[in-house]
Amino acid sequence: CRARGSRKSARSQRGGKLGDGVEGGWGRKRGMALSRILRHREFDSAGASAFSSAVRERRDQSFEQSEQRIFVPENAFSGSSACSLSLDGVEHRYLLAGACDGGLACFDVQSHYHAQREGQQDLHEHLFRIQASPPETALPLDAQPRHHHQSATSSHRDEITSIQWYPVDTGLFLSSSKDCSARLWDANELKTVCSTTQESQINCVAMPEAASGHCLIALGAKDSVVRIWDPRSDCISLNFAGHIGLEVTCVAWSTSCEWILISGGSGGQIRLWDVRKANSLLVLDQYNTKNYSEGLNPMPDVEHLRQRSLKFPSAGDALMDRFDRNLQEWVSSKKLVKMVSDSKRNDMATAHDSAVRMLKASGDGLFLYSAAARMTEMRKWDLASGKNTLVNFELPASGLKAWNAAALDSSQNLFVAHNKAIFHLDTATGKRLSKLSGHYDRVTACVYNPACGELYSASLDGNILLWEAERLKSYGKHAEKEDGNGGRAQDFGNEDDWTTDED
C-alpha cells in the first residue's frame, strides 16, 4: 500500500509540474492538469468531450492580438469604421462587415494561406465592397410610402445596424440600416434581391439558423411592434405587439426550434413568440415569480388531434373518450382561469431594469444570455423553464453602449464587448477569465470563429482586430525561423504525424 501510494503521489507530482509549466499550463481545465485529463480520457471516466473542452477553454484564455495578420478596412470603407460583423456559418471563412456610413465589405479570414507575404505581416484585403449611397433629401415620414421598393443597384445611406449571412449558403446576406430599410443581397451579383422600408428606424434583423420550413426574417424597429418579413412574397406577413417600451432593441431566433422568436425592448422586457400563434408565448421575469410550467401547458386541440389521427374520432371511439376526459379534467382543475390571470398579472414583468442591448442563445438552445444598458444586469436564462439562473457575471457597472456585441464559442465561453475592451466570461459561473484590450475607441461588434478558434472585433477607431491563441502565435514565429527561403513557412497544421514523405 505504501508503494502504491508513493507511485500515486509521484504521478500526481509529475502531472502538477506539467500543468504548472508554460507548455503544460495551456491544457488545464479548472485546475486539472493536462496529464490528468489525458488519463481520464484514456480510461473513459471524464467523457468524450472533456479533453477537447479543456484544451479549447485554455486556448481561449490565452487570446492576444495578432501581430502577423492584419485587416485593412480603410481601403473598403474609405475612412469610415465598421459597426457590425457576421461570419458565414458554412465555411467559417468570409467575414462580412457593415460600416457607419452604410457601406458593406467582405473579408477572407483564410487568405493568409495562399496570399503572397508583404514583409512580416499578412494583410487581409476586402474581397468585395458595396459603397454607401449618397444621402438624399428625405421626405417627411407621413409622406413616405409604407413599402417602398428601392432599386437593385442602390445601397444603404446610413449606419448599418445589423448584418447576417444566410445560414445555409454564402450566396445571400441580410442587412439593415438607420435609413429605415432592410435588404436581402445577392453576394455573387452584389445586388439587392428584395428590400423593405419601414416608417421608423430599423434597429435589428435576424434570420433563423435552424429553419427548414420557412425563411421568415424578424425586424425590430423604433416602435413596440415586432415585424415578420417574408422575402418570398416581399411583404410584412406578421406583426407582434406587446412590448411595454418605446422600441424593440434586439431580436434573435431560437437555435433549437425554428418557430420560436425572442425579442427585447427598451422597457427591459424579453418576450418569446411562437410565429404560428398570435400572442406572446411567455415573458421572462427577473424575479422568477411566474410559474411557467402551467403557462406552457397547452389546452387539448381538436384540430391538432384530427391531423394526428387523419380523421375525426367518432363518438364511440376510445380516442374520443380519452380526449373528452382530458378536456373535462383540464377545465375542472381551473387551470384555464389561473393561466389567464397569471398571464395578465405577469404581462408587465421585466427581465431587466433598463433597455435590453444583447440577446444571445446558446448553440444547444437550452440557455439565453441577455444584457441591458447597465452591465451589472447581464443574466442567464433557462429556456426550458423560463427561469433566471441567477448567475452573477463579473462585469463593470458602467453602461453597455454596443448592441448585440457578443460572441459564444462551442464551450462555456462568452465574449462581451464593453467600451474599448472585450471581456471573456465563463457562462457557468460568470467569472471573468480575461480582458482583451487593443482598441482605441468603443468596440461595436465581435465574432468568434469556431473552425479556427479566433475572435474578430470591430471598433469606432476604424480597425478590425484579430485575436488568436498565444500558442498559435508562438508556433507561427517558430515556423518562420525554420523557413530558410524567407518566404511563407510551410503549413504543418494540415499535415498528420503518422505518415512519412515517402507515403
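Bear in mind that the values here come from a model prediction, so they are computed numbers and not experimental data.

Some words on the overall build of the protein
- A count of helices and strands for the protein gives nine helices and 30 strands.
- Pairs at least 24 apart in sequence give 50% of the contacts found in the protein among residues at least 6 apart.
- As displayed, the protein has an accessible area near 25,500 Å², and 50% of this comes from carbon and sulfur atoms.

Some words on the packing of aromatic side chains
- Taken as a whole and judged by the stated rule, the model has eight aromatic pairs.
- With centroids separated by 5.8 Å and ring planes inclined at 35 degrees, the aromatic side chains of Phe-63 and Phe-415 adopt a geometry described as tilted. You can see Phe-63 sitting in strand β1 (residues 63–65) and its partner Phe-415 sitting in strand β25 (residues 413–418), a full 352 residues away along the chain.
- A relative accessible area of 5% places Phe-63 in the buried class.
- For Phe-415, a relative accessible area of 0% gives the class buried.
- Geometrically, the ring pair formed by Trp-165 and Phe-173 is edge-to-face, given 5.7 Å between the ring centres and 70 degrees between the ring planes. Residue Trp-165 shares its accessibility class with Phe-173, and that shared class is buried.
- An aromatic cluster of three or more residues is present, and its members are Phe-128, Trp-165, Phe-173 and Trp-185.

Thoughts on the side chain of Glu-258
- Relative to the assigned elements, Glu-258 resides in the loop between β16 (248–253) and β17 (260–265).
- In this structure Glu-258 is buried but unpaired, with Arg-276 as the nearest side chain of opposite charge at 7.5 Å.
- Within the structure, Glu-258 has its side chain in polar contact with the backbone nitrogen of Gly-213 (distance 2.9 Å).
- Residues in contact with Glu-258, not counting those within four places in the same chain, are Ala-210, Ala-211, Ser-212, Gly-213, His-214 and Trp-253.

Concerning the pairing of strand β30 (residues 464–469)
- Counting buried residues in β30 gives six out of six residues, a clear majority hidden from the surface.
- Pairing of β1 with β30, which is carried by three bridges, proceeds in the antiparallel orientation. Bridging from a neighbouring strand, Glu-64 pairs with Glu-468 of β30.
- Count of turn residues in the strand β29 (residues 454–459)/β30 antiparallel hairpin: four residues, of which Gly-462 carries a positive phi of about 90 degrees.

A few points about the sheet that holds strand β13 (residues 217–221)
- The strand order across the open sheet built from four strands is β12-β13-β14-β15, with neighbouring strands paired in antiparallel fashion. The sheet is open, and its two borders are formed by β12 (202–206) and β15 (235–241), each paired with just one other strand. Each strand axis lies, on average, 25 degrees off the axis of its neighbour in the sheet, ignoring direction.
- As defined by bridge partners, β12 adjoins β13 across four bridges and the pair is classed as antiparallel. The residue of β13 that forms the bridge with Cys-204 is Gly-220.

Topic: the pattern of salt bridges
- Enumeration over the complete set of coordinates arrives at six salt bridges.
- Here Arg-69 makes a salt bridge to Glu-454, at a shortest N to O gap of 2.4 Å. Taken together, the positions of Arg-69 in strand β2 (residues 69–71) and Glu-454 in strand β29 put the pair 385 residues apart, joining distant regions of the chain.
- On the accessibility criterion, Arg-69 (8% relative accessible area) is buried.
- Looking at Glu-454, the relative accessible area reads 6%, which means it is buried.
- Its salt-bridge partner being Asp-274, residue Arg-276 comes within 3.1 Å of it at the nearest N-O pair.

A short note on the environment of Glu-470
- Following the sequence through the fold, Glu-470 ends up in helix α9 (residues 470–482).
- For the pair Glu-470 and Ser-62, spaced 408 residues apart in the sequence, the C-alpha separation amounts to 5.6 Å.
- Contacts of Glu-470, omitting those with residues within four sequence positions, involve Ser-62 and Glu-64.

Observations concerning the nonpolar core
- Residues Phe-71, Leu-85, Leu-95, Phe-107 and Ile-464 are the most contacted members of the largest nonpolar core, which totals 18 residues.
- Only α4 (74–77), β3 (82–87), β4 (94–99), β5 (104–108), β28 (443–449), β29 and β30 provide two or more residues apiece to this core.
- Not counting residues up to four positions away in its chain, the partners in contact with Phe-71 are Leu-95, Phe-107, Val-109, His-124, Tyr-456, Ile-464 and Leu-466.
- Cys-250, Leu-282, Leu-284 and Val-356 belong to the second-largest nonpolar core, a separate cluster that totals 15 residues.

Description of the confidence of the model for the protein
- Within the protein, residue pLDDT values average 77, and 69% of them lie at 70 or more.
- Low pLDDT, under 50, characterises residues 137–149; the stretch is placed with 11 contacts to residues that sit more than four places away or in other chains.
- Taken as a whole, residues 293–313 scores under 50 in pLDDT and shows 26 contacts with residues more than four places along the chain or in a different chain.

Concerning unusual backbone geometry
- A positive phi is found at Cys-180, a non-glycine position, where the angle reads about 70 degrees.
- A residue is classified by how much of its surface remains accessible, and Cys-180, at 12% relative accessible area, is buried.
- In this structure, Asn-419 is a non-glycine residue whose phi angle is positive, near 55 degrees.
- Tracing the backbone through its elements, the reader meets Asn-419 in the loop between β25 and β26 (421–426).
- With a relative accessible area of 33%, Asn-419 lands in the partly exposed category.

Description of the side chain of Ser-133
- Secondary-structure assignment places Ser-133 in the loop between β7 (126–130) and β8 (160–165).
- A distance of 2.9 Å separates a polar atom in the side chain of Ser-133 from the backbone nitrogen of Ser-155.
- Aside from chain neighbours lying at most four places away, what touches Ser-133 is Ser-154, Ser-155, His-156 and Arg-157.

Thresholds applied
Every chain begins its residue count from 1, and numbering advances along the sequence as written. The predicted origin of the model limits local features to residues at a pLDDT of at least 70 and limits the giving and counting of side-chain atom pairs to 80 or more, whereas totals for whole chains, interfaces and linings rest on all residues. The side-chain values count all of the structure's non-hydrogen atoms but skip hydrogen atoms and water molecules. Going along the chain from the N terminus, every DSSP run of H or I of four or more residues is numbered as a helix, and every run of E of two or more is numbered as a strand. Contacts: residue pairs with any heavy atoms within 4.5 Å of one another. Every accessible area reported is derived by Shrake-Rupley at a probe size of 1.4 Å, with residue values counting cover from the shown protein chains alone. In this analysis, rings of Phe, Tyr and Trp, with Trp reduced to its six-membered ring, are considered paired at centre separations within 6.5 Å, and the interplanar angle assigns stacked below 30 degrees, edge-to-face beyond 60, and tilted for intermediate values. Only protein chains enter the area calculation, which uses a 1.4 Å probe; residues under 20% of their type maximum are buried, those over 50% are exposed, and those in between are partly exposed. Residues counted as positive are Lys and Arg, residues counted as negative are Asp and Glu, and His and the chain ends are not counted. Between Lys or Arg on one side and Asp or Glu on the other, a salt bridge is scored when a side-chain nitrogen of the former is within 4 Å of a carboxyl oxygen of the latter. Think of a polar contact as two N or O atoms within 3.5 Å of one another; within protein, one of them needs to be a possible hydrogen donor and the other a possible acceptor, and neighboring residues in sequence only count if both atoms come from side chains. Here a strand pair is declared whenever DSSP counts at least two bridges between the two strands. Axis lines are fitted to C-alpha atoms, over the contacting stretch for helices. Their N-to-C directions set the angle, which ranges from 0 to 180 degrees. In these notes, a set of buried Ala, Val, Leu, Ile, Met, Phe, Trp, Tyr and Cys residues joined through side-chain atoms within 4.5 Å is what counts as a nonpolar core. On a scale of 0 to 100, pLDDT captures the predictor's confidence in every residue.

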